[in-house]
Amino acid sequence: MRVLTIDLEEWFHLLDYDATRTEAEWGKFEVRIYENTERLLRILEDTGSRATFFVIGWIAKTYPDLVRRIAEQYPIGTHTENHQLIWQQTPEQFRADVRNSIRRLEDITGQRVDTFRAPGFSIRPTEAWAFEVLEEEGIVVDSSIFPAHASHGGWPGFPSDRPVLVQGDGFSIKEFPMSLAHFAGRPFVFAGGGYFRLFPYPLLRRWTREHDDYSICYIHPRDLDPGQPMVPGLSLPRKFKSYYGLSGAEKKLRRYLAEFPSLDLRSAEQAIDWSQATVIQP
Ligand SMILES: [Zn+2]
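Residues numbered from 1 in each chain as written. Predicted model: local features only at pLDDT ≥ 70, side-chain atom pairs only at ≥ 80, totals over all residues. Heavy atoms only, no water.

A.B. asks: If you had to explain the pairing of strand E1 (residues 2-8) to someone new, which residues and values would you point to?
C.D. replies: The element E1 is extensively covered by neighbouring structure, given that seven of its seven residues are classed as buried. Neither face of E1 is left uncovered, since the one carrying Arg2, Leu4, Ile6 and Leu8 and the one carrying Val3, Thr5 and Asp7 both have all their residues buried. Here five bridges tie E1 to strand E10 (residues 215-219), and the two strands are oriented parallel to one another. Following the sheet pairing, Arg2 is matched in E10 by Ser215. Taken together, the four bridges between E1 and strand E2 (residues 52-55) define a ladder with parallel strand orientation. Among the inter-strand pairings, Asp7 is bridged to a residue of E2, identified as Phe54. (Buried < 20%, exposed > 50% of the residue type's maximum accessible area, 1.4 Å probe, protein only. Helix = DSSP H or I, 4+ residues; strand = E, 2+ residues; numbered from the N terminus. Pairing = 2+ DSSP bridges.)

Given below as structure tokens:
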């Protein structure tokens, strides 16, 4: 099973930079989300792949027509209302944000929204409380676990990179973690964002083939946009991560999806016998 997810955000939705941190700054930047979403929709249509779109509430509020158009064809999940890191929030702030985003996305799309991805994969072991909040707010499927180190989160040592049930006192969430490859004994995520742009295609293919039963890919609209401006004030490593490989990325994604046709998370969730799933208690 191959799963494709798209985190629907703008080119400037980079985390932890003052210049791009909150809604107050976002209105100042060039709008590229229409063009970049059209590109992704064309790729999906041409390759016959499906994807779940994790939408930031702010995007839906600002461009409701765009999100409605996506929702006519593809399932919508929430990527929170304001794209803030989970570990910078209290459980109460997180709950309010998730609740607002679900309400907004459901109002705009007419779909039930029960699928979630945290900004920057920012559910770490110390934020395991987030699962309980998510379940209480109606989330059934989560795809926030990055089982390696990540710039803004990650859960190194998470026991699986295959779909599992994350269970605790009174909650049970169907989790679709990111897929891992190993190099020199160290795990890393290969199929998404800057990693997808960085690794040469033959390696992506090899690692994906090694995941016969399940692999997942995450893409942002900005990952395929060579024309985007440079966010001011980025560190050198961040510049590299955000801008490397943009010009070849569309071609690479088309090739990848032609070779590995992908499902959205809803179809993937329905295809799994959850009574046989591994249970993880964080
Ligand atoms: Zn994001």
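A.B. asks: Explain the packing of helix H4 (residues 64-71) against helix H5 (residues 91-109) to me, using residue names and the numbers behind them.
C.D. replies: One can describe the packing of H4 onto H5 by two numbers: an axis separation of 9 Å at closest approach and a directional angle of 70°. By the angle between their directions, the pair H4 and H5 is classed as roughly perpendicular. On H5, the residues that touch Pro64, Val67, Arg68 and Ala71 of H4 are Leu105, Ile108 and Thr109. A breakdown of the residues in the contact of H4 with H5 according to their chemical character gives five nonpolar, one polar and one charged. (Axes fitted to C-alpha atoms, helices over the stretch in contact; angles between N-to-C directions. Parallel < 35°, antiparallel > 145°, perpendicular 65-115°, else oblique. Contact = heavy atoms within 4.5 Å. Nonpolar A, V, L, I, M, F, W, Y, C, P; charged D, E, K, R; others polar.)

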